[in-house]
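Observations on the three-dimensional arrangement
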Amino acid sequence: MKLSKLKIQKFRGASQPLVVEFDSTKNITMLFGENGMGKSTIADSLVCLCTDKLGSISDKSSIDKDFIRTLNAKPAEVLIKLVTDKGTFEAKLNNAGTVFTKNPTEGLPAVRHLRRSQIISLIDSEPSKRYESLKDYIDVANIIKGEDELRKAVRSTTADVETIRKAIVNAELTLKNSWEAEGSPNETFHEWAKIEASKDISQQQSIHKAYNDVINSWRELESKRVEVVKGNRAYSASIAETEVALKKITEIETQNSLLDGTLLNLLVEAQTFISAKESIDTCPICERPESKDKLLSQISTRVETMKEFKAAHDNYKIKKQTKEQCESTLKTFIKSFIEQLEVFILKLTPYLKPTDATLLSINEINDGISNNDKYKAVNKNLSQLVSSIKELEDQAGKILKSINQHNLIKQHYNTSVTNRQKAAKAKYLAAAAEKALQVVEGTRKQFIDDELASISKDVEAFYQNMHPDEQLGGIKLFLKSGVKNSLELNADFYSSTSVTPQSLYSESHLDTLGICIFMALAKKYNNGNTILILDDVVMSVDENHLDRFINLLHTEANNFAHILVTTHYRPWKDRYRYNRAPTAQVHFIELRNWKLETGIRLQNSKIDIQELRNALDDSYYDRQRISNLAGTILENTLDFLSVKFQCRLARKVRQDYVLKELLDCISSKLLKVLKVQHLGKDSAGVYQIIDTKEFEIKPIIETLKQLSAIRNQVGAHYNFDGSLVSDTDVSEFGEKVYEFAKLLICPDTGSFPDRNKSGSYHETRTGSIRLYPLVEPA
Amino acid sequence: MEDINKKLSQKILTALVDEKVIVSEKSSALQNKLSEGKLKDTDWIAAFTETYNSTLPKENEAK
């Protein structure tokens, strides 16, 4: 998969639409920029588009998803769009601003995002947490879910075995006790229980039911009888109270012969009649003229004089009503009693002898008499039935006990039998679950160990490339046995083997170890469309280690669809700028100052030699720039040669050698034999000794020595001499430097011949240029 | 990209069948559920029950 274009809009720092155009001829893109210029925004956009993660935002302890989008932007405005040779992929934020919707959802490039925080987490974490940092690569979460469910199955099947065992023990203990209580008939309690459980008790059950019917009917009758007794008592009391009330009226009348009940009633009615009238002029009885008020006053006076007499009358009236109510209630109670009596007699009759006195007295009751008489006739004989009912209750109790005993034995016998059948299966399931857990756990751990072991070779190779001859390595990653997901990391240190590197390795060695592990993982799980993002992973390394890391990156670049490097580490960028690394394989993008109004600003960086060529060819002739650029390139090229041939230079604390020192440090012996060969490509595109061209370095160095003053006179300082230098001389200086640099720079990768594989010359990575000799002649 | 859960679930089910904990007829369905993280405790128990049942003499054989 080749990346063409990445468009980002209203995503994090991309406040203005940003388009990153990838160079399709290069599969490494370097985003260089100081902090806060938008490197992580670009890296995170690919992460958000191609994975379910949020990239560097996830490193923050508290994630506010509002800031996935640019400040004040609406979710609908957020867009990430990646154009590749395999299709175009888009991600838009949902309305809540929390989840990206992808289109299409399939075929997205795989993104491996390596951040410094991951390296620290891998190296510094406890073994139990270290495994988490590899989860993006070796994610067996689904299997672990199934494993946890299997643990639940182990627990539940083991619990089932115990439950069944307890049920059998309890049931058989009860049966044994019952068996012993019965005098241990038959040979074993189990045999006895089997016989007991198979007995038919339906007859006992029907007898018990019939007895119970009689007993319940008796109890109902008893409660009806109690009602009648209570009703009778209330009725008798109401009769007595009525008589007392009547006697009181008679006493008052005796004391005052004028008092008359009929008169009192008449006066009360007259009072009611007159009160109801609106007005009245004459007495309604004698028709004498009289006012309403006066008539009422006279009647009230007379009624008042009969106050006690009236109260006695009112009381009598209430008592009489109460007596009538009590009588009615009593009749109802007696009727209900008689009805229940008939039900009871029906149920009882089968259990009484024909000569039984109770039965005879009951039979004497005929329908011709009143309920009251029936009650009286029966009630006096009811007490005789108590003992008969008690006898029935005892018999019913015995039958019930027998039924219960049978049921208990049957229930426990069945429990014993069925649970013994279940026990075999339950034990099998528990053992199977236990065995399965061992298999699953063991297979999972072995699998992960195998996966980790499979990257060990790459990790070791990468690490040895980074740290040759340092007596480090032997990296081993493995899960600690007997501990859930505890990832151990061991390495060698000189003669000590399998030590924890954290205790002996320097911080930068641990950093590179982390990078090597993640790169090996990314390589292993790459399927041809993986984008590897190295997000500010290199903080500060020395020149040698940086060169080795760059070499490693370029060697492994072909294993990935694309590598995106973000860095703020200028020495890294400058290794390319000055052709100390394979410049031709890298597309540089430099980020400029970020502002909310302008968003992220990009500029395509150029290496110095390109800029010199452009300056020489430009229609606007800038002599100072040409001189300046040519001087810098010449210094860089001579620095390369002086290091390669260990040329003699006066020691300086800071190795800031000037151009003259570098030009003069190449000895005449070396200069005599210093030459380059440019090889030709065969039909397969491999450099061979075909059409080889050879160039001596001495003539060009001699010319450059004569022209080198132009760098300071024209390119660096203000002085009169500079004005005397002609444009022709400036152009010659620029062209000679360009020619010199081109002699030593690989046309394919843009790097110097810095390899020594042959043992007789230096050569470029591709084999395009050979530099002779290997060492300065003695 | 090769699904690592699928690869591992395949190894696990092969091992379980080899150990006779699971009958091979059920392994494919179990493997799919395991690799998708959908295998429940009840599924495990059902699978062991199936194996248990397969060890019992069949009705017509018993006769």
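Keep in mind that this is a model prediction, so the values were computed, not measured.

**A short note on the overall build of chain A**
The number of helices and strands found in chain A is 24 helices and 18 strands. The buried share of chain A, taken over its 778 residues, is 32%. Here the contacts in chain A between residues at least 6 apart in sequence split such that 68% fall between residues at least 24 apart.

**Structural notes on the overall build of chain B**
From N to C terminus, chain B includes 4 helices and 0 strands. Ordered by position from the N terminus, the helices and strands of chain B form the series α-α-α-α. Across chain B, contacts joining residues at least 24 apart in sequence account for 43% of those joining residues at least 6 apart.

**Notes on the interface of chain A and chain B**
Between chain A and chain B, the contact holds 29 residues from the first and 24 residues from the second. If you list the elements that add at least two residues to the side of chain A that touches chain B, you get helix H4 (141-181) and helix H12 (386-466) of chain A. In terms of residue count, the dominant contributor to the side of chain A that touches chain B is H12 of chain A (12 residues). Looking at the side of chain A that touches chain B, its residues break down into 16 nonpolar, 6 polar and 7 charged.

**Quick word on the sheet that holds strand S7 (residues 110-115) of chain A**
Residue and element names in this part refer to chain A. Spatially, the 6 strands line up as an open sheet ordered S7-S11-S12-S3-S13-S14, and their pairing is mixed. The strands lining the two open edges of the sheet, one partner per strand, are S7 and strand S14 (602-604). Going across the sheet, the axis of each strand differs from the next one's by a mean of 20°, ignoring polarity. Where strand S13 (residues 586-591) lies against S14, 3 bridges are found, and the strand directions are antiparallel. Across the sheet, the residue bridging to glutamate 590 is glutamine 603, located in S14. Seen against the sheet, helix H1 (residues 39-50) touches strand S3 (28-32), S7, strand S11 (530-535), strand S12 (562-567) and S13 and runs at an angle of roughly 140° to S7.

**Some words on the packing of helix H17 (residues 608-617) of chain A against helix H18 (residues 623-644) of chain A**
Residue and element names in this part refer to chain A. Between H17 and H18, the shortest axis-to-axis distance is 9 Å and the interhelical angle comes to 150°. The angle between H17 and H18 falls in the class roughly antiparallel. In the packing of H17 onto H18, the handedness of the crossing is left-handed. Residues Asp608, Ile609, Glu611, Leu612, Ala615 and Leu616 of H17 touch H18, and the partners they reach there are Arg625, Ile626, Leu629, Ala630, Thr632 and Ile633.

**Points about the confidence of the model for chain B**
Caution is warranted with low-pLDDT regions, since their predicted coordinates should not be read in detail. All names here are of chain B. Of the residues in chain B, 89% have a pLDDT of 70 or more, and the chain-wide mean is 87. Here helix H4 (residues 59-62) stands out as the element of chain B with the lowest mean pLDDT, 53, in contrast to helix H3 (residues 41-55), whose mean of 94 is the highest. In the predicted complex, the global pTM is 0.62; the interface-specific ipTM is 0.94.

**Comments concerning the sheet that holds strand S8 (residues 472-479) of chain A**
Residue and element names in this part refer to chain A. What the 3 strands build is an open sheet, ordered S8-S9-S10; its pairing is antiparallel. The sheet terminates laterally at S8 and strand S10 (496-499), the two strands that pair on one side only. On average, adjacent strands in this sheet sit at an angle of 15° to one another, irrespective of strand direction. In this structure, S8 lies alongside strand S9 (residues 487-493), joined through 6 bridges in antiparallel fashion. Within the sheet, the bridge partner assigned to leucine 472 lies in S9 and is phenylalanine 493.

**Here we look at the pairing of strand S5 (residues 87-93) of chain A**
Residues and elements named next belong to chain A. Strand direction decides the pairing type here: strand S4 (residues 79-84) and S5, joined by 6 bridges, are antiparallel. When the bridges of S5 are listed, leucine 82 appears paired with phenylalanine 89. Here S4 hands over to S5 after 2 residues, the two strands then running antiparallel side by side. Hairpin geometry of S5 and strand S6 (residues 100-103) is characterised by an intervening segment of 6 residues between the two adjacent antiparallel strands and by a positive phi of about 75° at glycine 97.

**So, the environment of alanine 210 of chain A**
Turning to its location among the elements, alanine 210 of chain A is positioned in helix H6 (residues 202-255). Assessed through the 15 C-beta atoms surrounding it within 10 Å, alanine 210 of chain A is described here as partly exposed.

**So, the nonpolar core**
Formed by 110 residues in total, the largest nonpolar core has its most connected members in Ala433, Ala436, Cys516, Ile517 and Ile533 of chain A together with Trp44 of chain B. The leading source of residues in this core is H12 of chain A, at 16 residues. Setting aside chain neighbours within four positions, we find alanine 436 of chain A in contact with Leu150 of chain A together with Leu16, Val21 and Trp44 of chain B. Core analysis: the second largest hydrophobic core is formed by 29 residues, Ile626, Leu629, Val737 and Leu771 of chain A among them.

**Observations concerning the environment of phenylalanine 752 of chain A**
Residue and element names in this part refer to chain A. Looking at the element boundaries, phenylalanine 752 is found in the loop between helix H24 (727-744) and strand S17 (762-763). With 169 residues separating them along the chain, phenylalanine 752 and threonine 583 place their C-alpha atoms 9.9 Å apart. Discounting chain neighbours no more than four positions away, the residues touching phenylalanine 752 are Asn579, Arg580, Phe640, Leu744 and Ile745.

**Examining the pairing of S13 of chain A**
Residues and elements named next belong to chain A. Where burial is concerned, most of S13 is hidden: 5 out of the 6 residues are buried. Pairing of S3 with S13 involves 5 bridges; the strand directions are parallel. Along S13, the bridge assignment pairs methionine 30 with phenylalanine 588.

About the cut-offs
- Residues numbered from 1 in each chain as written.
- Chains lettered and ligands numbered in written order.
- Predicted model: local features only at pLDDT ≥ 70, side-chain atom pairs only at ≥ 80, totals over all residues.
- Helix = DSSP H or I, 4+ residues; strand = E, 2+ residues; numbered from the N terminus.
- Buried ≥ 20, exposed ≤ 12 C-beta atoms within 10 Å, placed from the backbone.
- Contact = placed C-beta atoms within 7 Å.
- Nonpolar A, V, L, I, M, F, W, Y, C, P; charged D, E, K, R; others polar.
- Pairing = 2+ DSSP bridges.
- Axes fitted to C-alpha atoms, helices over the stretch in contact; angles between N-to-C directions.
- Parallel < 35°, antiparallel > 145°, perpendicular 65-115°, else oblique.
- Left-handed = near helix turned anticlockwise from the far one by under 90°.
- pLDDT = per-residue confidence, 0-100.
- Core = buried A, V, L, I, M, F, W, Y, C linked by C-beta atoms within 7 Å.

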